[in-house]
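What the coordinates show
Each chain is listed here by its residues.
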Amino acid sequence: SQTIHQWPATLVQPVGSPLSLECTVEGTSNPNLYWYRQAAGRGLQLLFYSVGIGQISSEVPQNLSASRPQDRQFILSSKKLLLSDSGFYLCAWSFGVLQAKTQYFGPGTRLLVL
Amino acid sequence: GIQVEQSPPDLILQEGANSTLRCNFSDSVNNLQWFHQNPWGQLINLFYIPSGTKQNGRLSATTVATERYSLLYISSSQTTDSGVYFCAVGEDTDKLIFGTGTRLQVFP
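This section reports on the structure supplied with the text. What you see is a predicted model, and the numbers here were worked out from it, not measured in a lab.

What counts and what doesn't
- Residues numbered from 1 in each chain as written.
- Chains lettered and ligands numbered in written order.
- Predicted model: local features only at pLDDT ≥ 70, side-chain atom pairs only at ≥ 80, totals over all residues.
- Heavy atoms only, no water.
- Pairing = 2+ DSSP bridges.
- Helix = DSSP H or I, 4+ residues; strand = E, 2+ residues; numbered from the N terminus.
- Axes fitted to C-alpha atoms, helices over the stretch in contact; angles between N-to-C directions.
- Salt bridge = Lys/Arg side-chain N within 4 Å of Asp/Glu carboxyl O.
- Contact = heavy atoms within 4.5 Å.
- Buried area = accessible area lost by both parts, 1.4 Å probe.
- Polar contact = N/O pair within 3.5 Å; in protein donor to acceptor, adjacent residues only side chain to side chain.
- Nonpolar A, V, L, I, M, F, W, Y, C, P; charged D, E, K, R; others polar.
- Disulfide = S-S within 2.5 Å.
- Buried < 20%, exposed > 50% of the residue type's maximum accessible area, 1.4 Å probe, protein only.

A word on the sheet that holds strand S3 (residues 19–25) of chain B
Residue and element names in this part refer to chain B. Sheet architecture is open: five strands sit in the order S1-S3-S8-S7-S6, paired in antiparallel fashion. Bordering the open sheet on either side are strand S1 (4–7) and strand S6 (52–56), each of which pairs with just one other strand. Ignoring strand direction, the axes of neighbouring strands in this sheet form an average angle of 15 degrees. Sheet topology places S3 next to strand S8 (residues 69–74); six bridges connect them, and they run antiparallel. Paired with Asn24 across the two strands is Tyr69, which belongs to S8.

In structure tokens form, the structure reads like this:
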């Protein structure tokens, strides 16, 4: 069966510091991978998605970037955090082409920028 | 882009009650999913249902694509059903647009 991991679970960072959040998927090959952000009390906003190694699509212009160095690894980064980057960051995966695109979410990372 | 509206925004039930959650979307979609977010933040996929009807235990969902809405039915609600229910839609099968959710509280 497939499993998705995210770390860290919680992070408190000062404004201006760098960020690296990691997501890995086990038990499947060539998944589609997604990064979402959820502000407090609101819905999810798609930030980035990837259909393969090195292939990243950005949905929202912002202070963040994403990379996919390996098939089942997805990384969310920032060089300098802003207060507005605070939120709940969720990674998700789905099967690749020709299959129903049900999305499965990781446990999330709560980021507080002070 | 596609707009997704969910109603009601909040719902309070006593254990054992039934409920219907609604999701309206503004354009044709090829992808529609329902999720439950528990109080700890974990999102669980309930249904992938771009059209038709599906049932899973006490939960069922119906999407009428031609009329651009989907319904999630919860029967005999339990306290563990509490949380936020999200509808998410997409024009293609890769990207989802989430609604603002329905917050459900079930009391014993």
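Here the narrative resumes.
Some words on the pattern of salt bridges
Here the structure, examined in full by the defined rule, presents four salt bridges over all chains. A salt bridge links Asp85(A) to Arg37(A); its shortest N-O distance comes to 3.7 Å. Of the two residues, Asp85(A) sits in the loop between strand S8 (73–78) and strand S9 (87–94) while Arg37(A) sits in strand S4 (residues 32–38), which places them 48 residues apart along the sequence. The salt bridge involving Arg58(B) is made with Asp81(B); its shortest N-O contact spans 2.9 Å. Taken as a pair, Arg58(B) in the loop between S6 and strand S7 (59–64) and Asp81(B) in the loop between S8 and strand S9 (83–90) lie far apart in primary sequence, 23 residues in all.

Details of the interface of chain A and chain B
Each side of the interface is counted separately: chain A has 21 residues, and chain B has 18 residues. Across the chain A/chain B interface, buried area totals approximately 1,500 Å², and carbon plus sulfur atoms make up 52% of it. Considering only the surface of chain A that becomes buried against chain B, Leu44(A), Lys101(A) and Phe105(A) emerge as the three largest contributors, covering 32% of it. Between Glu59(A) and Lys95(B) there is a salt bridge, and its shortest N-O distance comes to 3.7 Å. Taken together, the links from chain A to chain B amount to six residue pairs in polar contact (both at pLDDT 80 or more). Elements with a contribution of two residues or more to the side of chain A that touches chain B: S4, strand S5 (44–52) and S9 of chain A. Here the element with the most residues in the side of chain A that touches chain B is S4(A); it accounts for four residues. For the side of chain A that touches chain B, a count of residues per class yields ten nonpolar, seven polar and four charged.

Here's the deal with the state of the cysteines
Tallied over the full model, the rule gives two disulfides over all chains. Here Cys23(A) engages in a disulfide with Cys91(A); their sulfurs sit 2.0 Å apart. Classification of the bridge connecting Cys23(A) and Cys91(A) rests on its S-S torsion, roughly -75 degrees, and on that basis the disulfide is left-handed. A residue pair is termed long-range when its members are at least 10 positions apart, and Cys23(A) in strand S3 (residues 19–26) and Cys91(A) in strand S9 qualify at 68 residues. We note that Cys23(A), like Cys91(A), is buried. The partner cysteine of Cys23(B) in its disulfide is Cys87(B), sulfur to sulfur 2.0 Å.

A word on the sheet that holds strand S1 (residues 3–7) of chain A
Residue and element names in this part refer to chain A. Strand order in the open sheet formed by four strands is S1-S3-S8-S7, and the pairing between neighbours is antiparallel. With one partner strand each, in any of the chains shown, S1 and strand S7 (65–70) form the two edges of the open sheet. Across the sheet, the axes of successive neighbouring strands diverge by a mean angle of 20 degrees, strand direction being ignored. Bridging between S7 and S8 involves four bridges; their strand directions are antiparallel.

Regarding the environment of Ser26(B)
Residues and elements named next belong to chain B. Structurally, Ser26 can be placed in the loop between S3 and strand S4 (31–37). A sequence separation of 69 residues divides Ser26 from Lys95, and the C-alpha atoms of the two residues are 16 Å apart. When near neighbours in sequence (up to four residues on either side) are disregarded, Ser26 contacts Gly1, Ile2, Gln3 and Arg68. Side-chain polar atoms of Ser26 contact the backbone nitrogen of Gln3, separated by 2.7 Å.

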